[in-house]
Number of protein chains: 2
Amino acid sequence: MKHCSHCSALVSFIVPQGDNRHRYVCSSCEFIFYENPRIIAGCLPTFGDKVLLCKRAIEPRKGYWTLPAGFMENGETTQEAALRETYEEAYASPQLNELFSVCNLANYNQVHLFYLAKMTSAQYGSGPESLEVELFEEANIPWDDMAFGTVTQTLQRFFEDRKNGAMQLHHIDF
Amino acid sequence: MKHCSHCSALVSFIVPQGDNRHRYVCSSCEFIFYENPRIIAGCLPTFGDKVLLCKRAIEPRKGYWTLPAGFMENGETTQEAALRETYEEAYASPQLNELFSVCNLANYNQVHLFYLAKMTSAQYGSGPESLEVELFEEANIPWDDMAFGTVTQTLQRFFEDRKNGAMQLHHIDF
């Protein structure tokens, strides 16, 4: 960030008065630009005992498998974001259930939220950001080709909880 | 937003190619500026059967009561943000427990997260953003002077759950 998006003057990276963190501040109009973590919302869609995964058609991690998820947009709820991403990436419209994992990626300024979601039919397909979309039994999950640690750990917790007979909310810090 | 923060050229509010939403896009360097919801993280601190509330010393809602909470910063986890805000506003360092409410304010592009938190002593005080900080029994909660709907509804759910003997995670959409 070099310029103020309001008045185009140069910005400085300084600690504003009364603050304790560095912010970009306009040298002319003095507007303070706060930067905050972003939310990635997604689903862990199941059909019977199978889980729906998407092979990514785009970078980062093109060609690797993920749960359907993406950046939450302004004007929507976390649940709406999770369902929208699931439709966009996997053409699936599952029934949304409870929040299952809150993954904090402090170094990336991201929070990933995964909701459990039940598919009432095996209707799905590859959206523009997916090369393939497929239902996997636990024994066939492509663990070595997962796109993101948040997805791997969310799936691991899911299969553990399923074995133990009780789903619970997991906080996973990276 | 009028100017590109990278090159200072004027931005346009258009739907970029391959997208389906309006974004600010630089007319010169073509950088796309995504805007996403922000997270407010906070605690519902309890000491025995009492709840810790803060009377706000700043706008918005100066003079009204709130749970300690504020904007999550880059580089921290949701739990760290909740505890930092609780210390900054109420000089309290409770033991963080489970996530209790996820409040979606889609019209304000905010997600509020409140964690249950247990105070092991009655140590607290007014931080610079608080006029007063006080422990309240349920019967004395100043319901008519609450700062935010997310706080009111989170507290209502808490007292209901406590009456029912089981805390659960609540999604509250506004």
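Predicted model, so just to flag it, every value in this text is computed and none were measured.

Draft legend 1. Structural context of the overall build of chain A. Helix and strand counts for chain A come out as 2 helices and 11 strands. Across the 174 residues of chain A, 33% fall into the buried class.

Draft legend 2. Inspection of the confidence of the model for chain A at higher detail. Residues of chain A with pLDDT of at least 70 account for 100%, and the chain-wide mean is 97. Scored as a complex, the prediction yields pTM 0.94 and ipTM 0.93.

Draft legend 3. Highlighting the environment of Ala 69 of chain A. Residue and element names in this part refer to chain A. Locating Ala 69 in the fold gives a position in strand 7 (residues 69–71). When the C-alpha positions of Ala 69 and Glu 88 are compared, they lie 9.2 Å apart, and in sequence the two are 19 residues distant. The contacts of Ala 69, once residues within four sequence positions are left out, are Ile 40, Ala 41, Gly 42, Glu 85, His 112 and Phe 114.

Draft legend 4. Summary view of the pairing of strand 8 (residues 95–105) of chain A. Residues and elements named next belong to chain A. Judged from the 8 bridges that link them, strand 8 and strand 9 (residues 110–118) form a sheet pairing that is antiparallel. Within strand 9, the residue paired with Val 102 across the bridge is Leu 113. Hairpin connection, strand 8 to strand 9: the antiparallel pair is bridged by 4 residues, and Asn 109 has positive phi, about 55°. In the sheet, strand 8 pairs with strand 11 (residues 170–173) via 4 bridges, with the strands oriented parallel. Paired with Val 102 across the strands is His 171, a residue of strand 11.

Draft legend 5. Inspection of the sheet that holds strand 1 (residues 11–14) of chain A at higher detail. One open sheet holds the 3 strands; their spatial order is 1-2-3 (chain A), and the pairing between them is antiparallel. The open sheet has two edge strands, strand 1 and strand 3 (32–33) of chain A, and neither has a second partner.

Draft legend 6. Just the domain arrangement of chain A, in detail. Domain assignment breaks chain A into domain 1 (1–35) and domain 2 (38–173). On a C-alpha basis, the centres of domain 1 of chain A and domain 2 of chain A stand 37 Å from each other.

Draft legend 7. Structural context of the sheet that holds strand 3 (residues 32–33) of chain B. Residue and element names in this part refer to chain B. One open sheet accounts for 3 strands, arranged 1-2-3; its pairing is antiparallel. With partners counted over all chains shown, the strands left at the sheet margins are strand 1 (11–14) and strand 3, one partner each. The pairing of strand 1 with strand 2 (residues 23–26) spans 4 bridges and is antiparallel. Opposite Ser 12, over in strand 2, you have Val 25 as the bridge partner.

Draft legend 8. Layout of unusual backbone geometry. The omega torsion of the bond from Glu 59 of chain A to Pro 60 of chain A falls at -5°, within 30 degrees of zero and hence cis. With respect to the helices and strands, Pro 60 of chain A occurs in the loop between strand 5 (50–56) and strand 6 (65–66). Backbone geometry places Arg 61 of chain B, a non-glycine residue, at a positive phi of 65°. Considering the arrangement of structural elements, one finds Arg 61 of chain B in the loop between strand 5 (50–56) and strand 6 (65–66). For Arg 61 of chain B, a count of 15 C-beta atoms within 10 Å translates into the label partly exposed. Residues other than glycine seldom take positive phi values, yet Tyr 91 of chain B does so here, at roughly 45°. Note that Tyr 91 of chain B resides in the loop between helix 1 (78–90) and strand 8 (95–105).

Draft legend 9. A look at helix 2 (residues 149–164) of chain A. Residues and elements named next belong to chain A. For helix 2, with 16 residues, the first-to-last C-alpha span of 22 Å sits near the 22 Å given by 1.5 Å per residue. Taken together, the buried positions of helix 2 are Thr 150, Val 151, Thr 154, Leu 155 and Phe 158. Looking down the long axis of helix 2, one finds its buried residues gathered within 125° of arc, a one-sided arrangement. Facing away from the buried side of helix 2, by more than 90 degrees, are the exposed residues Phe 159, Glu 160, Lys 163 and Asn 164. Of the surrounding secondary structure, the elements contacted by the buried residues of helix 2 are strand 4 (38–47), strand 5, strand 6, strand 8, strand 9 and strand 11. Just beyond helix 2, the residue with positive phi is Gly 165, at close to 80°.

Draft legend 10. Layout of the pairing of strand 2 (residues 23–26) of chain A. All names here are of chain A. Where strand 2 meets strand 3, 2 bridges bridge the pair, whose relative direction is antiparallel. Bridge assignment links Val 25 to a residue of strand 3, and that residue is Ile 32. Between strand 2 and strand 3, which pair antiparallel one after the other, the connecting turn spans 5 residues, and Glu 30 there sits at a positive phi close to 65°.

Draft legend 11. Fine view of the interface of chain B and chain A. Facing 31 residues of chain B, the contacting portion of chain A comprises 31 residues. Elements with a minimum of two residues in the side of chain B that touches chain A: strand 4 (38–47), helix 1, strand 8 and strand 11 (170–173) of chain B. At 3 residues, strand 8 of chain B tops the list of elements feeding residues into the side of chain B that touches chain A. When grouped by side-chain class, the residues that make up the side of chain B that touches chain A number 11 nonpolar, 13 polar and 7 charged.

Draft legend 12. Structural detail: the relation of the copies chain B and chain A. Least-squares fitting of chain B to chain A yields an RMSD of 0.0 Å, with the superposition described by an axial translation of 0.0 Å and a rotation of 180°. The transformation relating the two chain copies, once decomposed into turn and shift, fits a two-fold axis. The share of interface residues of chain B whose copies in chain A are also at the interface is 100%, consistent with both copies meeting through the same surface.

Analysis parameters
- Residues numbered from 1 in each chain as written.
- Chains lettered and ligands numbered in written order.
- Predicted model: local features only at pLDDT ≥ 70, side-chain atom pairs only at ≥ 80, totals over all residues.
- Helix = DSSP H or I, 4+ residues; strand = E, 2+ residues; numbered from the N terminus.
- Buried ≥ 20, exposed ≤ 12 C-beta atoms within 10 Å, placed from the backbone.
- pLDDT = per-residue confidence, 0-100.
- Contact = placed C-beta atoms within 7 Å.
- Pairing = 2+ DSSP bridges.
- Domains from an automatic or database assignment.
- Expected span 1.5 Å × (residues − 1).
- Arc of directions from axis to C-beta.
- Nonpolar A, V, L, I, M, F, W, Y, C, P; charged D, E, K, R; others polar.
- Least-squares fit on C-alpha atoms with pLDDT ≥ 70 in both.

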